[in-house]
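Here's the letter readout for the chains.
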Amino acid sequence: QEKLHEEIIDRGLAKISRVQQTEFEGLLGRLKTKYKVGLTMPAFDFGYFPFRITLGDKQVEVALDDWGSGTKNRTLILLTLFRARQIGEAEASAGKITPVIIVEEPESFLHPSAQAEFGRILHDLAEEFQVQVIVTTHSPYLLSGQRPTSNILLRRRMTSKQARNTERVDITHENWMIPFAQALGLDDDEFKAWKPLMMSPSNAVLLVEGDLDREYFELLRNEAHGQHRLIFDGEILPYDGTGNLKNTVLLRFIKNRYSKFFVTFDLDAADHLEKGLQALKLERGKHYLPIGLSHAGKRSIEGMLPDSISTAVYGANPALVQAATSGNREEQESARNRLKRLLLEEFKRVAQPGGEHYGHFHPVVKLINKALG
């Protein structure tokens, strides 16, 4: 009889949980398309009656409850945000207050990737609910990349080696990267090439060497490629040269900031890049891939183009070909960049989806889709 009563109570609690979950989802507003709410209760126990709320990205399908320790803190923060939304939507009255939520160091007990995801959730909820959220943090992962001007950096002014008053550091305009640099112990200038990456709202990213590489991969998103189409839900962003991949501190930060992360670079750079990438526990095929063909002159993304493309471009531009091989360093670099642009333009002009023009890209796309899918 007692067991039957417990089962009845458990079913009742489960029903209540479903109703509350629906109400929470209603509070999400436009964010319902991006996040899913989970509200669970354990088996009934007269001496213990907790519940747990989770909020997870629909694309990543990892609820906050599954991110290790710190669940209690996240639960309280989320409940407070939902409550603030309810207060904000309450009928106007003389006694109504405008809620302001202050969160102190929510990064405690969270893995860096979880910090980054939770930071995005806080930002999204604050925007959607129109609630002021103030977060104190030492974590670069919780800083706002989407709106860097909302970050506030404070430091103690030192006089004769004595700490004096606290002052606000100017991080407007080109100084946006100072909070990130200070948190990571890097020079401000090291962030400039990574600005699009820092400000992307996406959870998944394909990093490519430059703008030309990005254009090639964007072509592969065309539905006409069918089963060979690049289908990951995220952004393709350039990192502006392989030299930037040697900054392992910054690269680790970028990797942890995104839920899904993949890097490509020309095959001719593999020898001096792979050791550093592997030191970050990145795996070829899972986190990065050198692209190109293992033949002289083909160890780059341009090397994957059909010979008919390079023949047409080189034949029509003999002066550029000569400058690319026999000019001074500046002339060679300029000519090579111009030839790369002409190769892309010719490829875009004549290439049709299928093996004839995109055959060397298909294995690369298959691997990226698997890694980022």
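The structure this text deals with has already been given above.
Residues numbered from 1 in each chain as written. Predicted model: local features only at pLDDT ≥ 70, side-chain atom pairs only at ≥ 80, totals over all residues. Heavy atoms only, no water.

Caption draft 1: Spatial organisation of the sheet that holds strand β8 (residues 235-238). Spatially, β8-β7-β9-β10 is the arrangement adopted by the 4 strands of the open sheet, whose pairing is parallel. Looking at which strands have only one partner, the edges of the open sheet turn out to be β8 and β10 (288-291). Taking the axes of each pair of neighbouring strands and ignoring which way they run, one obtains an average angle of 20° across the sheet. Where strand β7 (residues 204-208) and strand β9 (residues 260-266) come together, 4 bridges link them in parallel fashion. Looking at β9, one finds that Leu206 is bridged to Phe262. Strands β9 and β10 of the sheet are contacted by helix α8 (residues 270-279), whose axis makes an angle of about 160° with β9. (Pairing = 2+ DSSP bridges. Helix = DSSP H or I, 4+ residues; strand = E, 2+ residues; numbered from the N terminus. Axes fitted to C-alpha atoms, helices over the stretch in contact; angles between N-to-C directions. Contact = heavy atoms within 4.5 Å.)

Caption draft 2: Main features of the packing of aromatic side chains. Summed over the entire model, instances satisfying the criterion amount to 9 aromatic pairs. Pairing Tyr141 with Phe253 gives two aromatic rings, centres 4.9 Å apart and planes at 40°, and the pair type is tilted. Residue Tyr141 is located in the loop between β4 (132-136) and β5 (154-159), and its partner Phe253 is located in helix α7 (residues 248-257); the two are separated by 112 residues in the primary sequence. Of the two residues, Tyr141 and Phe253, neither departs from the other in class, the shared state being buried. Chaining the aromatic ring pairs together yields one cluster made of Tyr141, Trp176, Phe180 and Phe253. Above the face of the Phe232 ring, Arg221 is positioned so that its terminal group lies 4.8 Å from the ring centre. A cation over an aromatic ring shows up here: Arg257 above the ring of Tyr258, its NZ or CZ 5.1 Å from the ring centre. (Phe/Tyr/Trp six-rings, centres within 6.5 Å; stacked < 30°, edge-to-face > 60°. Buried < 20%, exposed > 50% of the residue type's maximum accessible area, 1.4 Å probe, protein only. Lys NZ or Arg CZ within 6 Å of the ring centre and 35° of its normal.)

Caption draft 3: Here's a closer look at the packing of helix α10 (residues 318-326) against helix α11 (residues 329-350). Contact geometry of α10 with α11 gives a least axis separation of 7 Å together with a crossing angle of 135°. As the angle between them shows, α10 and α11 are arranged oblique. Between α10 and α11 lies a crossing of left-handed hand. Where α10 approaches α11, its residues Leu320, Val321, Ala323, Ala324, Thr325 and Ser326 are matched on the opposing element by Glu331, Gln332, Ala335, Arg336, Arg338, Leu339 and Leu342. Residues that form the contact of α10 with α11 fall into these classes: 7 nonpolar, 3 polar and 3 charged. (Parallel < 35°, antiparallel > 145°, perpendicular 65-115°, else oblique. Left-handed = near helix turned anticlockwise from the far one by under 90°. Nonpolar A, V, L, I, M, F, W, Y, C, P; charged D, E, K, R; others polar.)

Caption draft 4: Quick peek at the pattern of salt bridges. All told, the structure shown has 10 salt bridges when counted by the stated rule. Glu117 is the salt-bridge partner of Arg120, the closest N and O atoms lying 2.8 Å from each other. Taken together, the positions of Arg120 and Glu117, both in helix α3 (residues 112-129) and 3 residues apart, correspond to about one turn of that helix. Just as Arg120 is buried, Glu117 falls in that class too. Across the pair Arg221 and Glu218 runs a salt bridge whose closest N-O atoms are separated by 3.6 Å. For Glu218, a relative accessible area of 35% puts it in the partly exposed group. Several salt bridges share partner residues, and in doing so they unite Glu215, Arg341 and Lys348 into one network. (Salt bridge = Lys/Arg side-chain N within 4 Å of Asp/Glu carboxyl O.)

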